[in-house]
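Structural characterization, general
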Amino acid sequence: MKLQRKNMLRASALGALVVSGALVLTACGSDDNTKGNGSNTSKPAAAPGSVKCDDAKGQLLAAGSTAQKNAMDLWVKGFQAACPGVEINYQAIGSGGGITKFNQGQVAFAGSDSALKENEVADSQKICKGGQGINLPMVGGPVAIGYNLSGVDNLVLDAPTLAKIFDTKITKWDDPAIAALNPGVKLPSTGIQAFHRSDESGTTQNLGKYLSEAAPNDWKHDPKAKSWPAQGGQAASGSSSVASNVKSTDGAIGYFELSYAKNSSIKTVAINTGASAPVAATSENASKAIAAAKVKGTGNDLALSLDYKTKAEGAYPIVLVTYEIVCDKGNKAETLPTLKAFLNYAVSAEGQKILSDAHYAPVPEEIAAKVRTIVPTLS
C-alpha cells in the first residue's frame, strides 16, 4: 500500500494547465506565489505573431480568484509581450471580492472558483446594460490538501476524516480514524493545526461542496458558503497565505490550488474515494473528474456541475473550475476590444499550451470550444 501511494504521488500531471511566472500587481492584498518558492519565471511567453491583439489598447482591470493567479500571470505575460501598450491588471483578492468589484462596475471581468449565484446575476444586470454576467470556464485544477507533519511523507485521508479535521472534531494526528487509513505509518501525537481562508473564496466553497456531498453526516455546514462556515481552526487571507502557514507550522493542514503546494514543496494528501487505491492530487487526476462535468448554465452561461462523489479510478474528487465572469451584453465600449482579445488568447490552444507544465487541469476541449465561440459575441 505504501509503495503504491508513493508511485501514485509521483504521477506526472500530463495534459495539465497552470502557471508560474511573476507579474508585479499594483493591487493591495493580491496573492504573491512567486517569492522564494522556486516558481519558474523563465517560461517562454507566446510568440508575438501568435496572439491576435485586434483592437486591444490601454488598461484592462480584473480581479478575483487567487487559485487562478498563477495561470493569469502567464496569460498576462504572454499577451502584454505580444500587444505593446496594453496593460492587464489582475488583482488576486479572492472570488467573492472579484464578484463584488465586477457587480460594482470596477473591473471588466472577475475570476471566480464558483459560478454566480442568482442574486449575483441579478446584481450584474445593473452593470451589464441589456445583459447579465455569464460564467466562462477557463481553468480547472485540484484543490490540494496540503500538510506539514514531521516524519510523515505519505498520508491518506477520506471525506469523513477531512470533515472532522476541518470541523475540529479530530484534533490529534494519531487519532484512530487517521491511523486506520494509514496502516504501517507512524503517526505522531502532534496537535492538528487546521488553516482555512479568512476571505470569501470559491476554493472554500468547492471544498465545502465536496465535504457536504461526500461526507454529509460529518459536514453539516452550508455547502454554498464562500466564507469559512465552521468554528475553530486558524484563518489566513488568500491561497498563498494559507500555504505559507502550512509550510511553516508542524502539524498543519490546509487547502489551496495545487501550484501553491508544488511551488512551496508542501506535501499533499491522497484521497480515499472508495476506488481501488487512494487518489493523489495531480492535474491528470483532476482532469479525470472534471471531464465528467455537465453544463448546468443556459444560453451563453457555461456554469458546470461537478461530481464530488466520484469513485472512478484515478479521479481526484476535490476539484474546482475557475470562471471568468463577464457581461454578455453591456460591456464598456472602451475596454471591450481588449477584453475580447485577452479572453480569446487565454482560451485559445496557444494560451492553454503555455500553461501545460504548471499544475492546473485543462478545461475539457468540448467546453473550451464553446467558450471560443462565445467570447467573440460579447458586446
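Nothing here was measured: the structure is a model prediction, and the numbers come from that model. Within each chain, residues carry numbers counting from 1 in the order of the written sequence. Side-chain atom pairs in this predicted model are given and counted only at pLDDT of 80 or more, local residue features only at pLDDT of at least 70, and totals for whole chains, interfaces and linings cover all residues. Think of the side-chain values as coming from all heavy atoms in the structure, minus any hydrogens and water.

As for the pairing of strand β8 (residues 252-257)
The criterion, for reference: Only protein chains enter the area calculation, which uses a 1.4 Å probe; residues under 20% of their type maximum are buried, those over 50% are exposed, and those in between are partly exposed. Numbering of helices and strands runs from the N terminus; a helix is a DSSP stretch of H or I covering at least four residues, while a strand is a stretch of E covering at least two. DSSP calls a pair of strands paired once it identifies at least 2 bridges connecting them.
Within β8, six of the six residues are buried, which leaves the element mostly enclosed by the surrounding structure. Pairing analysis gives six bridges linking strand β4 (residues 133-148) to β8, with the strands arranged antiparallel. Note on β8: the bridge partner recorded for Val143 is Glu257. Here strand β6 (residues 193-197) runs beside β8; their pairing, made up of two bridges, is parallel. The residue bridging Gln193 from the neighbouring strand is Ala252, located in β8.

Observations regarding the pattern of salt bridges
Side chains carrying opposite charge are able to pair once their charged atoms draw close together. This is how it is decided: Salt bridges are counted wherever a side-chain nitrogen of Lys or Arg sits within 4 Å of a carboxyl oxygen of Asp or Glu.
Across all of its chains, the model carries eight salt bridges by this definition. A salt bridge links Glu120 to Lys226; the nearest nitrogen and oxygen atoms lie 3.5 Å apart. Of the two residues, Glu120 sits in helix α4 (residues 118-124) while Lys226 sits in the loop between α7 (202-214) and β7 (234-236), which places them 106 residues apart along the sequence. You'll find Glu120 and Lys226 in the same group, each marked buried.

So, the state of the cysteines
Put simply, the rule reads: Only a pair of cysteine sulfur atoms within 2.5 Å qualifies as a disulfide here.
Evaluation of the coordinates by the stated rule reveals two disulfides. In this model Cys53 forms its disulfide with Cys83; the gap between the sulfur atoms is 2.0 Å. Here the disulfide of Cys53 and Cys83 is left-handed, its torsion about the S-S bond being about -95 degrees. Separated by 30 residues along the polypeptide, Cys53 in the loop between α1 (2-9) and β1 (58-64) and Cys83 in the loop between α2 (69-82) and β2 (86-92) bring together distant segments of the chain. Disulfides within the chain link the bonded cysteines, taken in sequence order, as 1-2, 3-4.

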